[in-house]
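# Chain and residue survey
Each chain is listed here by its residues.
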Amino acid sequence: GENVEQHPSTLSVQEGDSAVIKCTYSDSASNYFPWYKQELGKRPQLIIDIRSNVGEKKDQRIAVTLNKTAKHFSLHITETQPEDSAVYFCAANVEYGNKLVFGAGTILRVKS
Amino acid sequence: KAGVTQTPRYLIKTRGQQVTLSCSPISGHRSVSWYQQTPGQGLQFLFEYFSETQRNKGNFPGRFSGRQFSNSRSEMNVSTLELGDSALYLCASSFDGSAGNTIYFGEGSWLTVV
């Protein structure tokens, strides 16, 4: 069935280091892969997304890569800052329309 | 441009009661989806509405229902509440719900069932 696996579940990095979160998906028809950042008590906020017609997308310190053959995509955060600390969710669309299947989330802690 | 607006933000209900949550999508957006977020199950898709029609449905019991109005505003209802229904209910909107549409979430409605 539809499934998105996300690793690691927790990630601690030193301020200034890079953080990488990886996801794999099962539905070969998926063509939209958003990443959301959720701070405690707040809504998931879209930070970057990628569509299947590109392999990489970058927005300042954040980048996402997509490998459709292997069915995996990754989030890269460079020069991490304490305010990057949050839970990050990857997702993939399935079926037609707007159904998203989410990964279980990664708790990112940036130590200063 | 206003974001996705959900009301109420917080509510406490008793087992067996029913609850209705409301969502106003971003202006111009016609697709509204609902998600349930719990610590144990994560973010799970409930259903999606487009042009007042339910277009997609997740694996939730029939106690969970929804509807969409002609102005794209949506409501979801949970009947016969159970303790396990305690969760953050998130509404998400997108332009027309096509695959690849950017999806934006509202602040959510925190439901506690006691």
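Heads up: the structure comes first, above all this text.
First, a word on what this report is: a plain description of the structure on this page. Along each chain, residue indices are assigned from 1 in the same order as the chain's sequence is written. Going through the entries in the order they are written, you letter the chains from A and number the ligands from 1. For a predicted model such as this one, the threshold for reporting local features is a pLDDT of at least 70, and the threshold for listing and counting side-chain atom pairs is 80 or more; totals across whole chains, interfaces and linings nevertheless cover every residue. By convention in this description, side-chain values take in all heavy atoms of the structure and omit both hydrogens and water.

Turning our attention to the overall build of chain A. Counting secondary structure elements, chain A contains 0 helices and 11 strands. Listed N to C, the secondary structure of chain A is β-β-β-β-β-β-β-β-β-β-β in terms of helices and strands. What you see for chain A is a C-alpha radius of gyration of 13 Å, in line with the 13 Å of a compact globule of 112 residues. Projected onto its principal axes, the C-alpha positions of chain A cover 40 × 30 × 20 Å. A simple rule labels every residue: compare its accessible area, found with a 1.4 Å probe on the protein chains alone, to the largest value its type can have, and call it buried under 20%, exposed over 50%, or partly exposed in between. Across the 112 residues of chain A, 46% fall into the buried class. Should any heavy atoms of two residues lie within 4.5 Å, those residues are counted as being in contact. Nonlocal contacts in chain A, meaning residues at least 24 apart in sequence, comprise 53% of its contacts between residues at least 6 apart. Exposure was quantified through the Shrake-Rupley algorithm and a 1.4 Å probe, taking into account, for residues, occlusion by the shown protein chains and nothing else. As displayed, chain A has an accessible area near 5500 Å², and 47% of this comes from carbon and sulfur atoms. This count recognises Lys and Arg as positive and Asp and Glu as negative, with His and chain-terminal groups excluded. Each charge is placed at NZ for Lys, CZ for Arg, CG for Asp and CD for Glu. Between the mean site of the 13 positive side-chain charges and the mean site of the 13 negative ones, chain A shows a separation of 2 Å. Secondary structure elements follow DSSP: runs of H or I of four or more residues count as helices, runs of E of two or more count as strands, with numbering from the N terminus. Based on C-alpha atoms, the radius of gyration is set beside the globule rule, defined as 2.2 Å times the residue count to the power 0.38.

In summary, the pairing rule links any two rings of Phe, Tyr or Trp, Trp by its six-membered ring, whose centres are within 6.5 Å, and it sorts them by plane angle into stacked for under 30 degrees, edge-to-face for over 60 and tilted for everything else. According to the stated counting rule, one finds 13 aromatic pairs over all chains in the structure shown. Taking the centre distance of 5.6 Å and the plane angle of 90° together, the rings of Phe102 of chain A and Tyr35 of chain B count as edge-to-face. Here Phe102 of chain A, found in strand β10 (residues 100-102), pairs with Tyr35 of chain B, found in strand β4 (residues 31-38), and the two come from separate chains. With relative accessibility at 8%, the residue Phe102 of chain A sits in the buried group. On the basis of relative accessibility, which here comes to 0%, the residue Tyr35 of chain B falls in the buried class. When the centroid spacing of 5.7 Å and the interplanar angle of 70° are considered together, the rings of Phe47 of chain B and Tyr49 of chain B count as edge-to-face.

Let us now look at the sheet that holds strand β3 (residues 19-24) of chain B. Residues and elements named next belong to chain B. Taken in spatial order, the 4 strands make up an open sheet running β1-β3-β8-β7, and their pairing is antiparallel. Since the sheet does not close on itself, it has two edges, and those belong to β1 (5-7) and β7 (64-68), each with one partner. Each neighbouring strand pair of the sheet contributes to a mean axis angle of 20°, computed without reference to strand direction. Criterion used throughout: strands pair if DSSP finds at least two bridges between them. Of the strand pairs in this sheet, β1 and β3 are connected by 3 bridges, and their pairing is antiparallel. If you follow Thr5 over to β3, its bridge partner there is Ser24. The convention used is that axes are lines fitted to C-alpha atoms, helices contributing only their stretch in contact, and that angles between N-to-C directions extend from 0 to 180 degrees.

Another point: the sheet that holds strand β3 (residues 19-25) of chain A. Residues and elements named next belong to chain A. Within the open sheet, the 5 strands sit side by side as β1-β3-β8-β7-β6. Their pairing is antiparallel. In this open sheet, the two strands that pair with only one neighbour each are β1 (4-7) and β6 (56-59). Each strand axis lies, on average, 15° off the axis of its neighbour in the sheet, ignoring direction. Across 6 bridges, β3 lies against strand β8 (residues 72-77) in antiparallel orientation. Across the sheet, the residue bridging to Thr24 is His72, located in β8.

This part covers the pattern of salt bridges. For this analysis, a salt bridge means a side-chain nitrogen from Lys or Arg found within 4 Å of a carboxyl oxygen belonging to Asp or Glu. Under the criterion given, the structure shown has 11 salt bridges over all chains. A salt bridge links Asp49 of chain A to Arg51 of chain A; the shortest N-O distance between them is 3.8 Å. For Arg73 of chain B, the salt bridge identified is with Glu75 of chain B, shortest N-O distance 3.4 Å. Using a relative accessible area of 24% as the deciding quantity, one classes Arg73 of chain B as partly exposed. Given a relative accessible area of 16%, Glu75 of chain B falls into the buried group. Residues joined in a network through salt bridges with shared partners are Asp49, Arg51 and Lys57 of chain A.

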